Amino acid sequence: MIKKVLPFLAVALVACDSNDNYILYRNSVTDETMRLHVASFDSSDGHAYNKGNCQIAQELFQKQDGVKTKFWCEKGKYKK
């Protein structure tokens, strides 16, 4: 019985640990190394959906006239 349950538990643990979140950050005009949180993309629709929406938002922010900051997406949870 245990041999049948162990593979299932391993898959369940990996599924619980998967992180499909994407975070949109920007730097500062006065400090290029600064990481400022702009938006979180953590929909239950999964990795591709969150990544795609983050990239679209990044492009839209970056293409605005007069923008001097850099925007980028990172996979994972928000990190200061």
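Computed from a predicted structure; not experimentally measured.

Undergrad: What am I meant to see in the overall build of the chain here?
TA: The helix and strand tally for the chain stands at 2 helices and 3 strands. Secondary structure elements of the chain occur, N-terminal to C-terminal, as α-β-β-α-β. Burial status across the chain gives 22% buried among its 80 residues. Taking contacts inside the chain between residues at least 6 apart in sequence as the whole, the part at least 24 apart equals 57%. As presented, the chain carries roughly 6200 Å² of accessible surface, and 59% of it is formed by carbon and sulfur atoms.

Undergrad: I'm lost on the sheet that holds strand β2 (residues 36-41) in this one. Help?
TA: Note: strands within a sheet are paired through backbone hydrogen bonds, in either parallel or antiparallel orientation. Taking strand neighbours across the sheet as the criterion, the 3 strands line up as β2-β1-β3 in an open arrangement whose pairing is antiparallel. Two strands close off the open sheet at either side, each with one partner strand: β2 and β3 (71-75). With strand direction ignored, the average angle separating the axes of adjacent strands in the sheet is 25°. As judged from the 5 bridges shared by strand β1 (residues 22-26) and β2, these two strands associate in the antiparallel manner. In the sheet register, Leu24 faces β2, and the bridge partner there is Ala39. Running over the sheet, helix α2 (residues 47-62) touches β1, β2 and β3 and is turned about 15° from β1.

Undergrad: Sorry if this is basic, but what is going on with the pairing of β1 here?
TA: On a regular strand, one side chain projects to one face of the sheet and the next to the other, so that they alternate. In terms of residue burial, β1 counts as a mostly covered element, since 4 of its 5 residues are buried. Pairing between β1 and β3: 5 bridges, direction antiparallel. The residue of β3 that forms the bridge with Tyr25 is Trp72.

Undergrad: So what exactly am I meant to see when it comes to α2 here?
TA: Since there are 3.6 residues in each turn of an α-helix, residues three or four apart along the chain are aligned in direction. With 16 residues, α2 ought to run about 22 Å at 1.5 Å a step, and its terminal C-alpha atoms sit 22 Å apart, in line with that. By the burial criterion, the buried members of α2 are Asn50, Cys54, Ala57 and Gln58. Taken end-on, α2 shows its buried residues confined to a sector of 105°, consistent with a single buried face. Relative to its buried face, α2 has exposed residues pointing more than 90 degrees away, namely Ala48 and Leu60. The inward-facing, buried residues of α2 abut β1, β2 and β3.

Undergrad: Can you walk me through the environment of Lys75 in this structure?
TA: Note that Lys75 resides in strand β3. Sequence separation of Lys75 and Phe41 is 34 residues, and the distance between their C-alpha atoms is 9.5 Å. Other than its neighbours up to four places away in sequence, Lys75 contacts Asn19, Asp20, Asn21, Tyr22 and His47.

Conventions we followed
Residues numbered from 1 in each chain as written. Predicted model: local features only at pLDDT ≥ 70, side-chain atom pairs only at ≥ 80, totals over all residues. Heavy atoms only, no water. Helix = DSSP H or I, 4+ residues; strand = E, 2+ residues; numbered from the N terminus. Buried < 20%, exposed > 50% of the residue type's maximum accessible area, 1.4 Å probe, protein only. Contact = heavy atoms within 4.5 Å. Areas by Shrake-Rupley, 256 points an atom, 1.4 Å probe, with all protein chains shown as cover. Pairing = 2+ DSSP bridges. Axes fitted to C-alpha atoms, helices over the stretch in contact; angles between N-to-C directions. Expected span 1.5 Å × (residues − 1). Arc of directions from axis to C-beta.

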